[in-house]
Amino acid sequence: MLAASCSIVVVLSVVMASSIVAPELRGRAIGIIFMGISASLVIGVPLGTFIGEMWGWRSTFALTGALTLIVAWAVKRYLPQVAPRPGVQLREQLRTLKDSKILSAHSISILQMTGQFTIYAYITPFLHEMMGLSTNMISLVLFVYGLAGIAGGWIGGWSSDKLGNSKTISSLSCYMRSLYSCCLILQVLSFYYSS
C-alpha cells in the first residue's frame, strides 16, 4: 500500500512541478521532488522514531496526519491550478513501453526507488553487525547518506537545466566510474596492507 501511494504521489509531483515552472527550470523542479524524498527519509525516519519512543507509536501517526492536513491546505492555497490532462487508456499506456526511452526512464525510476528503500532496510544491520558501529554512528552514517541524496537531487536538477540531459548523464557516469575505481583501489590496498 505504501509503495503504491508513494509512486502515485511521486509521479503527480513530478508532473505538477514540471508543468508549473518555466521550461528552463524543469530539471531543478524535478530535482527538488527527489530532494524531498531523500529529506523525508533523512529527517522523517529518525524524527518518527524519536517521537514514537517518547510518546508512543500512535503519536507518530497523529503528527503525520496533522502535517498531511497542513500540507494539503498549503497545496490547495498556494499552488496554481493546472488544467487536467486528458486520460489515457491503460492499453495506450502499456503501448508506450515499446519506446526504449520511456522504458529506460521507468526502469531507472524503479531501480532508484528500490535501491533507496533497500539501503534503508539493510544498511543498519550491516553497519552494526559487520562493521561494529554504534547506534549513534549508524545514525550519522544514515544522515550523511541522506544529505548526499539531497545534494544529488539538487546537482542532478541543476546540471540537467544547465548542461542538458546527455551531458549530465555522461558526467555522472564518468564520476561514478571514478568513484567505483577509487573504492576498488582502496579495497585492494587495505587487503594488501592488512596481510
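Residue numbering note: each chain is counted from 1, following its sequence as written. The model is predicted, so local features are restricted to residues of pLDDT at least 70 and side-chain atom pairs to those at 80 or more, both for listing and for counting; the totals for chains, interfaces and linings are taken over all residues. Where side-chain values are given, they derive from all heavy atoms of the structure, hydrogens and water being excluded.

Engineer: Would you mind going over the side chain of Thr 168 in detail, with residue names and values included?
Structural biologist: Here Thr 168 lies in helix α7 (residues 165–194). For every residue, the accessible area (1.4 Å probe, protein chains only) is compared with the maximum for its type, and the residue is labelled buried under 20%, exposed over 50%, or partly exposed between those bounds. Note on Thr 168: relative accessible area 6%, which makes it buried. When checking whether two residues touch, look at their non-hydrogen atoms; a contact exists if any pair is within 4.5 Å. If we ignore the near neighbours within four places in the chain, the residues touching Thr 168 are Gly 156, Ser 159, Ser 160 and Leu 163. Put simply, DSSP H or I for four residues or longer makes a helix, DSSP E for two residues or longer makes a strand, and each gets a number counted from the N terminus.

Engineer: Outline the packing of aromatic side chains, listing residues and values.
Structural biologist: Whether two aromatic rings pair depends on their centres lying within 6.5 Å, for rings of Phe, Tyr and Trp, where Trp uses its six-membered ring; planes under 30 degrees apart make the pair stacked, over 60 edge-to-face, and the rest tilted. Per the counting criterion, the structure on display carries three aromatic pairs. Their ring planes at 85° and their centres at 5.8 Å tell us that Trp 57 and Phe 61 sit as a pair that is edge-to-face. Placement of both Trp 57 and Phe 61 in helix α3 (residues 57–78) is noted, with a separation of four residues, approximately one turn of the helix. For the pair Trp 57 and Phe 61, one class covers both residues: exposed. A ring pair is formed by Trp 154 and Trp 158, whose centres lie 6.2 Å apart and whose planes are at 15°; its orientation type is stacked. Pair noted here: Trp 154 and Trp 158 are both in helix α6 (residues 135–163), with a separation of four residues, about one helical turn.

Engineer: Report on the environment of Tyr 78, specifying residues and quantitative values.
Structural biologist: Within the fold, Tyr 78 resides in helix α3. A relative accessible area of 58% places Tyr 78 in the exposed class. Distance in space between the C-alpha atoms of Tyr 78 and Ala 22 is 17 Å, their sequence separation being 56 residues.

Engineer: Describe the environment of Val 45, and please don't skip the residues or the numbers.
Structural biologist: The residue Val 45 is located in helix α2 (residues 26–55) in this model. Judged by its relative accessible area of 44%, Val 45 is partly exposed. Sequence separation of Val 45 and Trp 55 is ten residues, and the distance between their C-alpha atoms is 15 Å.

Engineer: Tell me what's going on with the pattern of salt bridges, and back it up with residues and numbers.
Structural biologist: Between Lys or Arg on one side and Asp or Glu on the other, a salt bridge is scored when a side-chain nitrogen of the former is within 4 Å of a carboxyl oxygen of the latter. Under the defined criterion, the tally for this structure stands at two salt bridges. One salt bridge connects Arg 95 with Glu 92, and the closest N-O pair in it is separated by 2.5 Å. With a gap of three residues between them, Arg 95 and Glu 92 both fall in helix α4 (residues 90–95), about one helical turn apart.

Engineer: I'd like a rundown of the packing of α2 against α6, residues and numbers included.
Structural biologist: At their nearest, the axes of α2 and α6 sit 7 Å apart, and the two run at 175° to each other. Relative to α6, the element α2 is oriented roughly antiparallel. Grouping the amino acids of the contact of α2 with α6 by side-chain chemistry returns nine nonpolar, eight polar and four charged. Here an axis means a line fitted to C-alpha atoms, over the contact stretch when the element is a helix, while the angle between two N-to-C directions is reported on a 0 to 180 degree scale. Each angle receives one of four descriptions, namely roughly parallel if under 35 degrees, roughly antiparallel if over 145, roughly perpendicular if within 65 to 115, and oblique otherwise. Any residue that is not Ala, Val, Leu, Ile, Met, Phe, Trp, Tyr, Cys, Pro, Asp, Glu, Lys or Arg is counted as polar, Gly included; the first ten are nonpolar and the last four charged.

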